[in-house]
Amino acid sequence: MPHRHHSSPAHLLAPVMRGVLERIARAGHVPMHALSPQQARAAYAAGADVLELPAQTLTRVEDHFFATRDGAQLLARLYAPSAERLPVLLYFHGGGFTIGSVQTHDTLCRRLSHLAHCAVVSVDYRLAPEHRFPTAFEDAWDALAWLAASAASLGLDSSRIAVGGDSAGGTLAAACAIAARDAGLALALQLLFYPGTCGHQNTDSHRRFAQGFVLEEAHIRYFFNHYLRAPADRDDWRFAPLDGLDAHGELVDVGGVAPAWVGLAECDPLVDEGVLYADRLRLAGVPVDLEIYRGVVHEFIKMGRVVPQALQAHADAARALRKVFDHG
């Protein structure tokens, strides 16, 4: 959805969002792309809760571990607002496949669990550059297979599972929805907050919002240089569900995947590819609910203390979950 061109896209920012960006600029932190991955993870973790709402208290918060295909043991944190047998959202955190963790997205997962009255299972998939593509996808799929097999023993409803995530986590959720279709695993929903979906960052929004809107072109290049093994990985559907190719070299088929709720930020390099993915799903006959939150940037859903659009996005996402889980 192309924007009208203007000398600077900064005029699109909501006043409260502009204030947040000004405070970030004044803080004068070293740019993330100038840090080592380990330093970048520490910096992101240190700031993860600064603009978040207070953490929601829940009845169940439990750490479980599951085995991946290569024998690694990974953390999956279970959140639930009650002890009843609830449907469950499997959640993948954002961070460009390089930073982020279950802990950096703890507040968000607690909030979604509370608002949607469902369980949330958040996954600590392995990060780049220690673990390059396709490890994050394989960990995400192994987490989904584990959850489908283990939900009943965890006291959850194995017949009502959704996948979701933000940014790179949205990429993983979308790719898992395709893999689930192929495996005959029925999912209730794919909940995608500003997902990365295209193999090459060449849309108009990538150009318009390349600098000064939290997620910068230099960050994206930094993350993908750590994550991808070679240029050919960009054309793999597990990285690029919008325009990636399957094992036969064909454009990946998205027909028959789970219904989607897609929440995008207007002032985000990823907004165009989010819209394009929603359109591609709709063309394939997949039900899609698309929301574009005006005047906000990438990462806004973790700014609920100061950005009202974050609260709206949380409420909309929870409503979508309740609807498919038959709570609404």
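Structure report, in brief. All values reported here derive from a predicted model rather than from experimental measurement. Per chain, the residues get numbers from 1 upward, laid out in the order the sequence is written. The predicted origin of the model limits local features to residues at a pLDDT of at least 70 and limits the giving and counting of side-chain atom pairs to 80 or more, whereas totals for whole chains, interfaces and linings rest on all residues. No hydrogens and no water enter the side-chain calculation; it runs on all heavy atoms of the structure.

Moving on: the overall build of the protein chain. What the protein chain contains, in helices and strands, is nine helices and eight strands. Every radius of gyration here is taken over C-alpha atoms, with the globule rule written as 2.2 Å times N^0.38, N being the number of residues. Whereas a compact globule of 328 residues would reach a radius of gyration of roughly 20 Å, the protein chain reaches 18 Å, a difference of no more than 12%. Structurally, the protein chain occupies a C-alpha span of about 55 × 50 × 40 Å along its principal axes. Counting all 328 residues of the protein chain, 59% fall into the buried class. For the protein chain, restricting intrachain contacts to residue pairs at least 6 apart in sequence, the fraction spanning at least 24 positions comes to 77%. As displayed, the protein chain has an accessible area near 12,800 Å², and 54% of this comes from carbon and sulfur atoms. Here the protein chain contributes 29 positive and 36 negative side-chain charges, whose respective centroids are spaced 5 Å apart. By definition, any uninterrupted DSSP run of H or I lasting at least four residues is a helix, any uninterrupted run of E lasting at least two residues is a strand, and each is numbered from the N terminus. With a 1.4 Å probe rolled over the protein chains alone, any residue whose accessible area is under 20% of its type maximum counts as buried; one over 50% counts as exposed, and the rest are partly exposed. Whether two residues touch is decided by their heavy atoms; if any such pair falls within 4.5 Å, the residues are in contact. Note that accessible areas follow from Shrake-Rupley with a 1.4 Å probe, and for residues the cover is restricted to the protein chains shown. A positive count includes Lys and Arg, and a negative count includes Asp and Glu. His and the chain ends are not counted in either. By convention, the charge on Lys lies at NZ, on Arg at CZ, on Asp at CG and on Glu at CD.

Two faces make up the sheet, and in a regular strand the side chains alternate between them. Where burial is concerned, most of strand 5 (residues 156–166) is hidden: eight out of the eleven residues are buried. Strands were regarded as paired on the criterion that DSSP finds at least two bridges between them. Here six bridges tie strand 3 (residues 86–92) to strand 5, and the two strands are oriented parallel to one another. Along strand 5, the bridge assignment pairs Leu 86 with Leu 156. As paired strands, strand 5 and strand 6 (residues 190–193) are joined by four bridges and run parallel to one another.

For the rest of this paragraph, the subject is the pattern of salt bridges. By definition, a salt bridge exists where a carboxyl oxygen of Asp or Glu is found within 4 Å of a side-chain nitrogen of Lys or Arg. Per the stated rule, a full pass over the model turns up 19 salt bridges. Between Lys 302 and Glu 52 there is a salt bridge, and its shortest N-O distance comes to 3.4 Å. Remark: Glu 52 occurs in the loop between helix 2 (37–47) and strand 1 (60–67) and Lys 302 occurs in the loop between strand 8 (288–297) and helix 9 (308–324); sequence separation between them is 250 residues. Across this residue pair, the class does not change: Lys 302 and Glu 52 are buried. Between Glu 217 and Arg 221 there is a salt bridge, and its shortest N-O distance comes to 2.4 Å.

Structurally, His 206 is set in helix 6 (residues 204–208). On the basis of relative accessible area, His 206 is assigned to the buried category, the value being 6%. In terms of polar contacts, His 206 uses its side chain to reach the side chain of Glu 273, at 2.6 Å. Any N or O atom pair separated by 3.5 Å or less is treated as a polar contact, with the protein-specific requirement of one donor-capable and one acceptor-capable atom, and with residues adjacent in sequence counted only for side-chain atom pairs.

To continue, consider the environment of Pro 134. Within the secondary structure, Pro 134 is located in the loop between strand 4 (119–123) and helix 4 (135–150). Separated by 89 residues in sequence, Pro 134 and Phe 223 have C-alpha atoms that sit 14 Å apart. Discounting residues that sit within four places of it in the chain, Pro 134 has contacts with Tyr 227, Arg 229 and Arg 238.

A few words now on the pairing of strand 7 (residues 260–267). Burial within strand 7 is extensive, with eight of its eight residues counted as buried. In the sheet, strand 6 pairs with strand 7 via four bridges, with the strands oriented parallel. The residue of strand 7 that forms the bridge with Leu 192 is Val 262. As paired elements, strand 7 and strand 8 share seven bridges and run parallel to each other. Across the sheet, the residue bridging to Ala 265 is Tyr 293, located in strand 8.

Glancing now at the packing of aromatic side chains. Classification of ring pairs uses Phe, Tyr and Trp, with its six-membered ring standing for Trp, and accepts pairs whose centres are within 6.5 Å; under 30 degrees between planes counts as stacked, over 60 as edge-to-face, and the remaining range as tilted. A full pass over the atoms with the stated rule returns 13 aromatic pairs. A ring pair is formed by Phe 133 and Tyr 227, whose centres lie 5.7 Å apart and whose planes are at 90 degrees; its orientation type is edge-to-face. Here Phe 133 is found in the loop between strand 4 and helix 4, whereas its partner Tyr 227 is found in helix 7 (residues 217–227), with 94 residues between them in sequence. Each member of the pair Phe 133 and Tyr 227 is classed as buried.

Counting buried residues along helix 7, eight of its eleven residues qualify, which places the element largely inside the surrounding structure. Among the residues of helix 7, Ala 218, His 219, Ile 220, Tyr 222, Phe 223, Phe 224, His 226 and Tyr 227 are the ones counted as buried. Contacts made by the buried residues of helix 7 are with helix 2, helix 4 and helix 6.

What follows is about the sheet that holds strand 6. Read across the sheet, eight strands follow the order 1-2-4-3-5-6-7-8 without closing on themselves; strand pairing throughout is mixed. Both edges of this open sheet fall to strand 1 and strand 8, since each of them pairs with a single strand only. The average undirected angle you get between the axes of adjacent strands in this sheet is 20 degrees. Between N-to-C directions, angles cover 0 to 180 degrees, with each direction set by a line fitted to C-alpha atoms, over the stretch in contact for helices. Of the strands in this sheet, strand 3, strand 5 and strand 6 are in contact with helix 5 (residues 168–183), which crosses strand 5 at around 135 degrees. Along the sheet face, helix 8 (residues 271–283) touches strand 6, strand 7 and strand 8 and points at about 170 degrees away from the line of strand 8.

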